[in-house]
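# Summary of structural features
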Amino acid sequence: MCNLICKRSVHLFDLFFSILNQFPSHSLPSKMYYSISLSNPSKIPSYHSKNSKAKSRKTILYHHKERVPRLLPSEIFPLMKTHQAPHFRKFRMVAKNETTKPSSPPSLSFLSTLASDAAQFIYSSIFKAIAPPLDPSVDPKHVFTGNFAPVEEMVPTECPVVEGELPSSLEGAAYIRNGPNPQFLPQRALHSFEGDGMLHSLRFSNGRAIYCSRYVKTYKYTTERDAGGPVILNFFSGFYGLIDVARYFRFIGQSMKGQVERLKGFGGANINVAFFGKKLMALCESDLPYIIDLTQDGDIETLGRWEFDMRMFANMTAHPKVDEVTKETSAYRVNFLSPFLTFFRFDENGVKQNEVNILSMKQPSLIHDFGVTKRFMIFGETQLVLNTAKMIWGRGSLLEYRPTITPRIGILPRYATDDSDLMWLEAPGFNPLHVLNAWENGEDEIVMVATNIKSLENILVKRVFTTLEKLVINMRTGKLISRKSLSPKPLELGSINPSYAGKRNRYVYMAVMDEIPRASGVVKIDVETGREVGSRFFGAGCFGGEALFVRKETENAASEDEDDGYVVTCTHDENSGDSMFVVMDAKSPELDIVAAVQVPRRVPYGFHGLFLTREDLSSL
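This structure is a prediction, so every number in the text was calculated from the model and none was measured.

## Let's talk about the nonpolar core
Soluble globular proteins tend to bury their nonpolar side chains together. Core analysis: the largest hydrophobic core is formed by 56 residues, its most contacted members being L280, L341 and F343. Considering every element that reaches this core, the biggest residue donor is strand β12 (residues 290–294), with three residues. Beyond its immediate sequence surroundings of up to four residues, L341 is in contact with Y332, R333, V334, N335, V356, N357, I358, M361, I367 and F379. Core analysis: the next-biggest nonpolar cluster, separate from the first, contains 22 residues, L548, V568, A595 and F611 among them.

If you want it as structure tokens, here you go:
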């Protein structure tokens, strides 16, 4: 493909100079040459003998009938193969006689300027089409810097408790968090939402903490590890220019030849961690989950892909919902072709139950999370559409913001067998990212607490503004009764007491977003009053991540008070370079620090985590 692009580029330049050759002889003297400034003339092996007349070693003279496009195979094509655009070279025409000094008749002044501008335009247009500069939001050299930069794996290592004491509720338990950590940085686009998943865990025993970090050994990771470089394309980041389109068709060719196994999935398993069906799993929504094991010594092992669905491009949400009463798990997948959304569930043993296709959706919408009550599943159809055609033609990200679409909320009976009882209601301006909880208020009302993306046009930029909102829906009338913002702060990556999932709850714990997923602090919000009732900020230059609630355990059972527990997160001090695992008192207004564990090395900012009890670990 690159050879084809190069040949066509040469033909464009030939065409330009062929047109130039058609001018009458009295307008274009036979002794005219073209002076071309080069960054590295040593790469040009040989040229016309008249090149010796060049005034500078960095200038080469060409007769107008010679093939100036020789520059393409000599300097430009080698650079194209490394996906680097060459420095811009300015073309200018000068008149030079073999026996006299150069002259530029006034009659040629306009023609000289016109030819120079045309050459510059053609040259820059070609390279903008082939490999345009990447926006900083998808440029890996810009995105994965500072504490977003990847780190190496680390074997189980003991960590010192530098403040307070680890509470007894953590004894024998473990914390594990997921996030993107690219094994290789590609030359082209890579968004912070992509990159190979790396799990960071802390296992607690006898007042000590053992830290470990390991890659999720996905098909993508192992394929690229064995190849020694990037192989699988980053579809979410998108394609920008002809060079990315060429790589896409090459990738398709490799798939058709069996060099890349399409049924193995291409996801990085980098978004979330879930525990259900007696399995611990690393998840992303572009692939099936990967089963993980935490060993007794605190190490992390990838056991393999959970292939409960063997179709091509099989996937599952990164946010499955577990019912602690029935032990069932609800989930869904988003499809590029109709049906664009499919719900399903797993029983207590992880056996998949019937599927429900949502046939009333007319385009593939980004649905990142959903809510589950005793009787219903609630999800939002957003203004973010998955546009594969735009991506394949090299015009950007897979995601496309369509302001003409009116967002809708869909409410589906939890045990429906088809979508005939699906209720849709319009919710202008509501584009949910994460659903913190949803519950039924009597027979007629559903309450949902979720984050809402307020700046969809900047969805790929880290500084996306999201607010926490509470919605009340009347099921009898099918109307949205009320919608209220619970805080003026940009809040994301929050949690509740998991015992209250699907039931009425009062408190949510949210990270205050400096830029996703980097948080400057944590706040506790009372969803009944809409007031902030607790907060802690990490200080100048110090940032954390998701605010995860951990129940306080007694000898017999969990505490009955909803907020009786701890809020945990990983923080990083960008001034000192220290990373900490911080345990905060969820009841206190200042979210007082109960314990702080110093992690032996930097922990990059990531996404979602999970707390596993002793019982959870024993059932793995």
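There's plenty left to go through after this.
## Some thoughts on the sheet that holds strand β38 (residues 609–612)
One open sheet accounts for five strands, arranged β4-β8-β7-β6-β38; its pairing is antiparallel. Each end of this open sheet is capped by a strand with a single partner; those strands are β4 (154–159) and β38. Between one strand axis and the next, the sheet turns by 15 degrees as a mean value, whatever way the strands run. In the sheet, strand β6 (residues 174–177) pairs with strand β7 (residues 198–205) via four bridges, with the strands oriented antiparallel. Opposite A174, over in β7, you have R203 as the bridge partner.

## Brief notes about the packing of aromatic side chains
As enumerated under the stated definition, the model contains 25 aromatic pairs in all. When the centroid spacing of 5.2 Å and the interplanar angle of 70 degrees are considered together, the rings of Y248 and F249 count as edge-to-face. Judged by its relative accessible area of 13%, Y248 falls in the buried class. Classification of F249 as partly exposed rests on a relative accessible area of 48%. Between F308 and F346, the aromatic rings sit 5.2 Å apart at their centres with planes inclined by 85 degrees, giving edge-to-face as the arrangement. Here F308 is found in the loop between β13 (300–305) and β14 (321–322), whereas its partner F346 is found in strand β16 (residues 341–346), with 38 residues between them in sequence. Here a set of aromatic residues connected by ring pairs shows up, and it is made of F235, F239, Y248, F249, F251, F266 and F313.

## Some details on the UniProt feature "binding site: Fe cation" (unreviewed entry) in the protein chain
Those residues carrying the UniProt feature "binding site: Fe cation" (unreviewed entry) are H319, H368, H434 and H608 in this numbering. Annotated residues spanning 290 residues; largest pairwise C-alpha distance 13.0 Å, indicating a single compact cluster. Tracing the chain through its elements places H319 in the loop between β13 and β14. Filtering out sequence-adjacent residues up to four positions away, H319 remains in contact with N272, H368, D369, F370, H434 and H608. By secondary structure assignment, the location of H434 is in strand β25 (residues 432–441). Residue contacts for H434: discarding those within four places in its chain leaves H319, H368, D369, A450, T451, E492, L493 and H608. Engagement of the side chain of H434 in a polar contact is seen with the side chain of H368, the distance being 3.1 Å.

## Structural notes on the environment of V216
Looking at where V216 falls in the secondary structure, it is placed in the loop between β8 (208–215) and α5 (219–227). Sequence spacing of V216 and I292 is 76 residues, and the spatial spacing of their C-alpha atoms is 8.1 Å. Those residues within four positions of V216 in sequence are excluded, and the remaining contacts are G197, L199, Y221, A269, A282, Y290, I292 and T302.

## A few points about unusual backbone geometry
Most peptide bonds are trans, and most residues other than glycine sit at a negative phi. In this model, S338 is joined to P339 through a cis peptide bond whose omega is 0 degrees. For P339, the location among the structural elements is in the loop between β15 (329–334) and β16. Between I516 and P517 the backbone carries a cis peptide bond, its omega angle lying at 5 degrees. For P517, the position within the fold is in the loop between β30 (507–515) and β31 (518–526). Backbone geometry at N206 places phi at a positive 55 degrees, although glycine is not the residue there.

## Observations concerning the side chain of D196
By secondary structure assignment, the location of D196 is in the loop between β6 and β7. By relative accessible area, D196 is classed as buried at 2%. Within polar-contact distance, the side chain of D196 engages the backbone nitrogen of Q183 at 2.8 Å. When sequence neighbours within four positions are dropped, the list of residues in contact with D196 reads G179, P180, N181, P182, Q183, F184, Y215, K220, Y221, E224, G268 and N270.

## Some words on the sheet that holds strand β24 (residues 423–426)
With antiparallel pairing, four strands are arranged side by side in an open sheet as β18-β19-β23-β24. Each edge of the open sheet is held by one strand with a lone partner, namely β18 (371–372) and β24. Note that strand β19 (residues 376–381) and strand β23 (residues 408–413) share six bridges and pair antiparallel. Bridged to E381 within β23 is R408.

## Re the pattern of salt bridges
Scanning all chains against the criterion turns up 38 salt bridges. A salt bridge links K217 to E153; the shortest N-O distance between them is 2.9 Å. With a gap of 64 residues between them, K217 in the loop between β8 and α5 and E153 in the loop between α4 (140–143) and β4 connect regions that are remote in the sequence. Of the charged contacts in the structure, one is a salt bridge between E400 and R402, with a shortest N-O distance of 3.1 Å.

## Brief notes about the pairing of strand β36 (residues 579–585)
Of all seven residues in β36, six are buried; the element is thus mostly enclosed. Across seven bridges, strand β35 (residues 565–573) lies against β36 in antiparallel orientation. For T571, the partnering residue across the bridge sits in β36 and is M580. The pairing of β36 with strand β37 (residues 593–599) spans six bridges and is antiparallel. If you follow S579 over to β37, its bridge partner there is V599.

## Focus: the pairing of strand β11 (residues 279–283)
Regular strands have side chains that alternate between both faces of the sheet. In terms of burial, β11 is a largely internal element, five of the five residues being buried. Covered by surrounding structure in β11 are K279, M281 and L283 together with L280 and A282, the residues of both alternating faces. Connecting the antiparallel pair β11 and β12 is a turn made up of six residues.

## Section: the environment of H572
Looking at the secondary structure, you find H572 in strand β35. Taking relative accessible area as the criterion, H572 reaches 4% and is therefore assigned buried. H572 sits 425 residues away from N147 along the chain, and the two C-alpha atoms are 7.9 Å apart. The residues contacting H572, other than those within four sequence positions of it, are N147, G541, C542, F543, G577, D578, S579, R602 and Y605. A polar contact is formed between the side chain of H572 and the backbone oxygen of D578, at a distance of 3.4 Å.

Basis of the calculations
Residues numbered from 1 in each chain as written. Predicted model: local features only at pLDDT ≥ 70, side-chain atom pairs only at ≥ 80, totals over all residues. Heavy atoms only, no water. Core = buried A, V, L, I, M, F, W, Y, C linked by side-chain atoms within 4.5 Å. Buried < 20%, exposed > 50% of the residue type's maximum accessible area, 1.4 Å probe, protein only. Helix = DSSP H or I, 4+ residues; strand = E, 2+ residues; numbered from the N terminus. Contact = heavy atoms within 4.5 Å. Pairing = 2+ DSSP bridges. Axes fitted to C-alpha atoms, helices over the stretch in contact; angles between N-to-C directions. Phe/Tyr/Trp six-rings, centres within 6.5 Å; stacked < 30°, edge-to-face > 60°. UniProt positions renumbered as here; feature names shortened; annotations may be inferred. Polar contact = N/O pair within 3.5 Å; in protein donor to acceptor, adjacent residues only side chain to side chain. Salt bridge = Lys/Arg side-chain N within 4 Å of Asp/Glu carboxyl O.

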